[in-house]
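For reference, the chains in residue letters:
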Amino acid sequence: MADLFMYISLFLIWLMLFYHMFLMQGGYLHFLHYKKSEKEWQQNKIPFPKVSVLIPAHNEEVVIGKTLDAMCQLQYPTNLLEIIVINDNSNDRTGEIVESYAKRFPYISVIHTKPPYGGKGKSGALNIGFGQSTGEVICVYDADNTPEPDAIYWLVMGLQNDPKAGAIVGKFRVINANKNLLTRLINVETITFQWLAQAGRWFWFKMSTIPGTNFAIRRSILEELGGWDQKALSEDTELSFRVYNLGYYIRFFPSAITWEQEPENLKVWWRQRTRWARGNIYVIGKFLFQFFKLKNKKVGVDLLYFLFTYLLFFGGVLLSHAIFIVNLFVDLKLSIGIVSYALLIMGFLLFVTEELLALSMEKRQLTLKNFLVVVFMYFTYSQMWICLVVYASFLELKRILFKQEVTWYKTKRFQQEDLIRKDRSA
Amino acid sequence: MQKRVCLLLMVILTSYCLLNESSVYAKKGVDKPSVLVVYSSSSEDIDEHQRMLDMLLGHFTDEIIFKHSHSLQEADLVGVTHVFYFGQVRERLPEYTTRVLQKFNGVFTVIGHNAAQFKRMSFVKQAGKGVYSKVTWSDGDEDKTLRVRRQSLLQVEEPEETSVLVKASHGEEHQYPLLIKKEQNYYLAVPSLEEPVSLILADTLHDIFQTNGPYETTGYLRLEDVHPLADPKKLREIADILMERNIPYMIAVIPVYTNEDTKEQHFLSDYPEVLEALSYMQDNGGSIVMHGYTHQFRDDETGEGFEFWDVENNMPIYHGPTDEVVKKTKADFPDAKAYNDYREDQKAFEKDYIDEKLTRGIQELANYGLYPLAFEAPHYTMSQNGYAVTSDYFSTYVGQVQLSDEDWETMSGVPYVTKPTFFKGMELLPETIGYVDPDDPNAIEKMIKRAKEHLLVRDGMVAGFYHPFLGTEKLMELLDELEKLPPIEWIDLKERENVIQAENVEIASEKGEVLAAIDKRGLVSTSWDFPLYHVKTFVTKSIWGIVGAGSLAICLFLFYALRTTLRYRRGRIG
């Protein structure tokens, strides 16, 4: 019996790892090719559309000023640009700060919301902003983001040159990567996520997931979809699924870069990631049961991926951990033998090399320090994720069983010191 | 593919049934002899003595009828070419019997007592008992001498007009005829056929049956007691040595090993390396012989226990391992019918037991891709009923033969390949020279001595066994010694016609080819263990595949990372 569980967990884990290898290969190929698209698009000379940038902000006094500074630096015709900050039920100085920018820059405007209409979370704020916007293309940034000047330009170029793309996603980088060990770990994680999962899926399936920030979507699509799902905890994943379902794809284009802040302590990290995990579990539930009603079955690729990640893969890892620990105390008479060690080592090395390859694609990220971070990550950060998924699954299960209301946790922001060196050259 | 195999199997099966012949006559295209054996013994039932004669005669024909001296009918002689009278005990023969036999004008051989009661044997004049320790005879080409432990014989006078085929002696002054002949009449001056008499009779039967040769010394080497806990490395080493020397061999496989202390059962499926070694051996000169299923009946250790004999009660398996055993005799029953019913029940129990073990064993081995071509009972112990049941499954039996249902130690071999009637169609490839006993420093020497004795017999067989756990050293020593003997034709079971049948499995071999038809769906319905084994094998293999693919990906990704880093450094990107 233990043998059976052992093999089940093994196959679940390795199925996932093989999928990751496959995605990594695709990510690398995309890395080699995407610069060519830049050149092609620039030669096409398609007229610029009007762009609305939506920035939902709830108590963002610490970061909103910097974000708007970056917005002012955007290289995009200002007559075709509107920046709408949705000051969602803030009780700090956010509104004040945004107002001061709105006075100085005509293309920046602000919407203040109060309950019962406001304060319902990010989706709600975005829907309100969308209602007020006029742009043909809607871009979304989180309040802690500092996009590079050409970020909007590349996002719009992508949509204009690719009519099949319903949305386009840029790359985000960690602004506070060098702050502490946690942010270093997150930095490695985000780089790998984008080159492996985003670029990889884009390359093979013409799919990627809207990450909640630094993306552009056509107004027509948002209108057709009726905006964001306010019940969804991870509104971005949910939106991605609906865009696919309309038959569009979501392009990943790494030239559009934004810098964002990541949690600097574990508590914040835990709460933010719990929200993501719960959100993704919600999406699995929502679309899995409607799968046969979906128009575009391609969503299945991602649905399966999420299903695998959150249920089967983590289930497999948990099972394998459990077997490992029980076997330390009781001889389970596992017949697998020496090959299990080979698999353990292989799994670890695969993790390390994939992270290293992803890091190598960002300038000056493949360093000895980061190498050590990656090794450390396998035994700590990755294991933390397992606990987190278990916790999130538990919460979601509780929510469904007791029909609880969803409350949106807003990620805590941190004051950035200017000393932190940003690497924008990549 | 499946169909083709089935068709081929059918052809072999049919031809096997039609030409189910191993006698020397059949091979040489001569009409085979038809033998009548008339015997005088204390009980009327056929016992180990007649069975010994059966084994000796089975080399020449499978048409052998046994009749007690008191129940002979004239009709029994119809078509008979050779009559053997076996005077095991002294008795006054019924006048009817002697008269009927007197009318017979074919080859007539008397063994032991009561010869003088046949008129045609009047040349035999008995004169008490003698003792001998040396036997000499000639087969026409070669003078043969055999030194034996002191034995007794029936001393006969040497009349003039007879020829002495075999002489026995003890020192210079004691010389006796052992086998004499006058015209078509032969007399063997011993009432028992144990060795060395069996060797001498085996050879001289060629004269009695007037075979013409050519004769061939065959032999085999059997690797004994190979069970799931065998050392696969040693098996492979041994296989390589035998392959190098071009010696085909047999592997006596026990599919299940039971640990004596923990009672835990180990199946071959849990030991893939042993299975691989066995497959390797099967592909490179080895043939699988099924050596029981568990090699035990009660809780003894595998390889030590008796599987088809209750050794504690010295009786066949007529009861479950934990049942209380009450031995009953005819006297315990009110009438013959009640006793017969009781006996039938016992035999039915034994048959069910053997059926289950053999079926499961054949199915398991075949499921692993190991095709047993013959059977060998653990410790060579099996009842007469057992041999009959086994003959439903196997066409070849390997080893020595238990000749009595009363005592397992009444056991014997014969010096050549034979097909005794009590084997119900099975062919016996007898083991003749013993094994390398690790506790006996002279074991190999003794084996070679036995081999030389068997080389005296026309068509003689040199067959022994070896325990692979002993490693290669002793084996090489044995092989070196065996190779010094006159050339032996090593038996390759695959070259011989064998048919093995169990529920959902049919195996046949001929001319070096082994064909197996396995009804996989049928096997699945028998037990889930069968498909599970294949799933497990696939899983194990695919895990190594995973390791391979993973390693490849690691190398590839490292190469990419290196290339990307170099490109950044050279300023080609970024």
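Cut-off values and rules
- Within every chain, residues take consecutive numbers counted from 1 along the sequence as written.
- Whichever chain is written first becomes A and whichever ligand is written first becomes 1, with later ones labelled in order.
- Only residues with pLDDT of 70 or above have their local features reported here, since the model is predicted, and side-chain atom pairs are shown and tallied only from 80 upward, although totals for entire chains, interfaces and linings are computed over all residues.
- Segments assigned H or I by DSSP are reported as helices when at least four residues long, segments assigned E as strands when at least two residues long, and all are numbered from the N terminus.
- Using C-beta atoms placed from the backbone, we call a residue buried if 20 or more other C-beta atoms fall within 10 Å of its own, exposed if 12 or fewer do, and partly exposed for counts in between.
- Once C-beta atoms are placed from the backbone, any two residues with those atoms within 7 Å are in contact.
- We compute the radius of gyration over the C-alpha atoms and compare it with the globule rule, which gives 2.2 Å times the number of residues raised to the power 0.38.
- Residue-level confidence of the predictor is summarised by pLDDT, bounded by 0 at the bottom and 100 at the top.
- In these notes, a nonpolar core means any group of buried Ala, Val, Leu, Ile, Met, Phe, Trp, Tyr and Cys residues linked to one another through C-beta atoms within 7 Å.
- Marked domain ranges trace back to an automatic or database domain assignment.
- We call Asp, Glu, Lys and Arg charged. Ala, Val, Leu, Ile, Met, Phe, Trp, Tyr, Cys and Pro are nonpolar, and the rest, Gly among them, are polar.
- A pair of strands counts as paired when DSSP detects no fewer than two bridges linking them.
- Seen with the strands pointing away from the viewer, any crossover whose path from the first strand over the helix to the second strand runs clockwise is right-handed.
- Every helix has an expected span of 1.5 Å times one less than the residues it contains.
- Axis definition: a line fit to C-alpha positions, over the contact stretch in the case of helices; interaxial angles, taken between N-to-C directions, run 0 to 180 degrees.
- In this analysis the local bend is the angle between axes fitted, respectively, to the seven residues ending at and the seven residues starting at the residue.
- Note that the term roughly parallel is reserved for angles under 35 degrees, roughly antiparallel for angles over 145, roughly perpendicular for angles of 65 to 115, and oblique for everything else.
- Crossing handedness: left-handed means the near helix sits turned counterclockwise from the far one by under a right angle, and right-handed means the same turn made clockwise.

Asker: Would you mind going over the overall build of chain B with me for this structure?
Answerer: Per the secondary structure count, chain B includes 13 helices and 25 strands. Each principal axis of the C-alpha distribution contributes one length, and for chain B these read about 120 × 60 × 45 Å. Across the 574 residues of chain B, 44% fall into the buried class. When contacts within chain B are restricted to residue pairs at least 6 apart in sequence, those whose partners lie at least 24 apart make up 71%.

Asker: Sorry if this is basic, but what is going on with the overall build of chain A here?
Answerer: Across its full length, chain A carries 13 helices and eight strands. For 426 residues, the compact-globule estimate of 2.2 N^0.38 gives 22 Å, and the C-alpha radius of gyration of chain A, at 22 Å, lies within 12% of that figure. Seen along its three principal axes, the alpha-carbon backbone of chain A occupies a region of about 75 × 50 × 45 Å. Among the 426 residues that make up chain A, the fraction classed as buried is 47%.

Asker: Could you clarify how one ought to interpret the confidence of the model for chain B in this entry?
Answerer: Low-confidence regions, as indicated by low pLDDT, have predicted coordinates that should not be scrutinised in detail. All names here are of chain B. Averaged over all residues, the pLDDT of chain B is 90; the fraction at 70 or higher stands at 94%. Scored below 50 in pLDDT, residues 17–29 makes 19 contacts in the model with residues more than four places away or belonging to other chains. Across the assembled chains, the prediction reports ipTM 0.87 with pTM 0.76.

Asker: Explain the nonpolar core here, please?
Answerer: Buried together is how nonpolar side chains tend to be arranged in soluble globular proteins. Ranked by internal contacts, the top residues of the largest apolar core, which has 142 residues, are Val37, Leu56, Ile251, Val253 and Val289 of chain B. It is helix α5 (residues 197–208) of chain B that contributes the most residues to this core, seven residues altogether. Split by domain, the residues of this core number at least three in each of domain 1 (33–208) and domain 2 (225–493) of chain B. With near-sequence residues (within four places) excluded, Leu56 of chain B lies in contact with Leu193, Ser198, Leu201, Ala202, Leu205 and Val414 of chain B. One finds Met6, Trp195 and Ala392 of chain A together with Ala553 of chain B within the second-largest nonpolar core, a separate group that totals 120 residues.

Asker: Which parts of the structure should I look at to understand the interface of chain A and chain B?
Answerer: Interfaces are often sized by the amount of accessible area the parts lose when they come together. Listed as interface residues are 22 residues of chain A and, on the opposing side, 18 residues of chain B. With eleven residues, helix α11 (residues 339–360) of chain A is the largest single contributor of residues to the side of chain A that touches chain B. Considered class by class, the residues forming the side of chain A that touches chain B number 16 nonpolar, four polar and two charged.

Asker: What should I look at first to understand the environment of Asn385 of chain B in this one?
Answerer: Residue and element names in this part refer to chain B. Among the secondary structure elements, Asn385 is positioned in helix α9 (residues 384–390). On the basis of neighbour count, Asn385 is assigned to the partly exposed category, with 19 C-beta atoms found within 10 Å. Separated by 37 residues in the primary sequence, Asn385 and Phe422 place their C-alpha atoms 9.1 Å from one another. The residues contacting Asn385, other than those within four sequence positions of it, are Pro316, Lys347, Glu350 and Lys351.

Asker: What exactly am I supposed to notice about the pairing of strand β3 (residues 108–113) of chain A here?
Answerer: Residues and elements named next belong to chain A. Pairing of strand β2 (residues 81–88) with β3 involves six bridges; the strand directions are parallel. Within β3, the position partnered with Asp88 by the bridge is Thr113. With helix α3 (residues 94–104) bridging β2 and its parallel neighbour β3, the resulting β-α-β unit is right-handed.

Asker: What is the right way to look at the pairing of strand β5 (residues 125–138) of chain B in this model?
Answerer: Side chains on a regular strand alternate between the two faces of the sheet. All names here are of chain B. The sheet contact formed by β5 and strand β6 (residues 143–157) spans eleven bridges and is antiparallel. Bridge pairing in β6 links Gly130 to Leu153. Both β5 and strand β7 (residues 163–170) contribute to a ladder of four bridges, which runs antiparallel. In the sheet register, Thr136 faces β7, and the bridge partner there is Lys167.

Asker: Looking at this structure, I do not really get helix α13 (residues 529–569) of chain B. What am I missing?
Answerer: Because the α-helix completes a turn every 3.6 residues, residues three or four places apart line up on one side. All names here are of chain B. With 41 residues, α13 extends 59 Å between its outermost C-alpha atoms, agreeing within 8% with the 60 Å of an ideal straight helix rising 1.5 Å per residue. Within α13, the full set of buried residues consists of Phe530, Ile543, Ile546, Gly550, Ala553, Phe557, Tyr560, Ala561 and Thr564. Just downstream of α13 lies Gly571, where phi reads positive at about 75°.

Asker: I'm lost on the sheet that holds strand β24 (residues 505–510) of chain B in this one. Help?
Answerer: The strands that make up a sheet pair up through hydrogen bonds in the backbone, lying either parallel or antiparallel. Residues and elements named next belong to chain B. Strand order in the open sheet formed by three strands is β23-β24-β25, and the pairing between neighbours is antiparallel. Looking along the sheet, the strands with just one partner apiece sit at the ends: β23 (498–502) and β25 (513–518). With strand direction ignored, the average angle separating the axes of adjacent strands in the sheet is 10°. Summarising the sheet, β24 and β25 pair through six bridges and their orientation is antiparallel. For Ala508, the partnering residue across the bridge sits in β25 and is Leu515. Contacts between helix α8 (residues 336–367) and the sheet are confined to β23, β24 and β25, with β23 contributing the most and set at about 110° to the helix.

Asker: Before we go on, may I ask you to explain the sheet that holds strand β5 (residues 146–147) of chain A in this structure?
Answerer: All names here are of chain A. Strand order across the open sheet formed by eight strands is β3-β2-β1-β4-β7-β6-β8-β5, with mixed pairing between neighbours. The open sheet terminates on both sides in strands that have one partner only, identified here as β3 and β5. In this structure, strand β6 (residues 165–174) lies alongside strand β8 (residues 249–260), joined through eight bridges in parallel fashion. Paired with Ala165 across the strands is Tyr249, a residue of β8. Sheet strands in contact with α3 are β1 (51–57), β2 and β3, and its direction is about 155° off that of β3.

Asker: Explain helix α6 (residues 181–205) of chain A here, please?
Answerer: All names here are of chain A. The end-to-end C-alpha separation of α6 is 34 Å, in line with the 36 Å expected for 25 residues at 1.5 Å each. The sharpest bend along α6 comes to roughly 30°, located at Phe193. The element α6 is extensively covered by neighbouring structure, given that 19 of its 25 residues are classed as buried. Downstream of α6 by a residue or two, Lys206 has a phi angle that is positive, lying close to 55°.

Asker: It is not clear to me how the domain arrangement of chain B should be interpreted in this structure. Could you clarify?
Answerer: Residue and element names in this part refer to chain B. The domains assigned to chain B are domain 1 (33–208), domain 2 (225–493) and domain 3 (533–574). Using only C-alpha atoms to locate each centre, domain 1 and domain 2 end up separated by 32 Å. Counting residues at the interface gives 19 residues for domain 1 and 19 residues for domain 2. For the side of domain 1 that touches domain 2, the secondary-structure elements that each account for two or more residues are α3 (48–57), β6 and α5. Residues of the side of domain 1 that touches domain 2, tallied by class, amount to seven nonpolar, four polar and eight charged.

Asker: I keep staring at unusual backbone geometry and nothing clicks. Help me out?
Answerer: Leaving glycine out, the prevailing phi sign among residues is negative, and the prevailing peptide bond configuration is trans. Residue Pro196 of chain B is bonded to the preceding Glu195 of chain B through a cis peptide linkage, with omega at 5°. Following the sequence through the fold, Pro196 of chain B ends up in the loop between β9 (185–188) and α5.

Asker: Help me understand the environment of Lys424 of chain B, please; the structure alone is not making it clear to me.
Answerer: Within the secondary structure layout, Lys424 of chain B lies in the loop between β18 (411–412) and β19 (427–430). Not counting the four nearest positions on each side in its chain, Lys424 of chain B is found in contact with Tyr387, Ala388 and Ser391 of chain B.

Asker: I keep staring at the confidence of the model for chain A and nothing clicks. Help me out?
Answerer: Looking at chain A, the pLDDT average stands at 87 and 96% of residues meet or exceed 70. Below pLDDT 50 for its whole length, residues 418–426 of chain A participates in 14 contacts with residues either more than four positions away or in separate chains.

Asker: Teacher, can you tell me more about the environment of Gly279 of chain A here?
Answerer: With respect to the secondary-structure elements, Gly279 of chain A resides in helix α9 (residues 266–288). For the pair formed by Gly279 of chain A and Phe308 of chain A, sequence separation is 29 residues and the distance between their alpha carbons is 15 Å.

Asker: Is there a simple way to explain the packing of α11 of chain A against α13 of chain B in this structure?
Answerer: Contact geometry of α11 of chain A with α13 of chain B gives a least axis separation of 9 Å together with a crossing angle of 25°. On the basis of their axis angle, the class for α11 of chain A and α13 of chain B is roughly parallel. Here α11 of chain A runs over α13 of chain B; the crossing is left-handed. Among the residues forming the contact of α11 of chain A with α13 of chain B, the class breakdown is 18 nonpolar, six polar and one charged.

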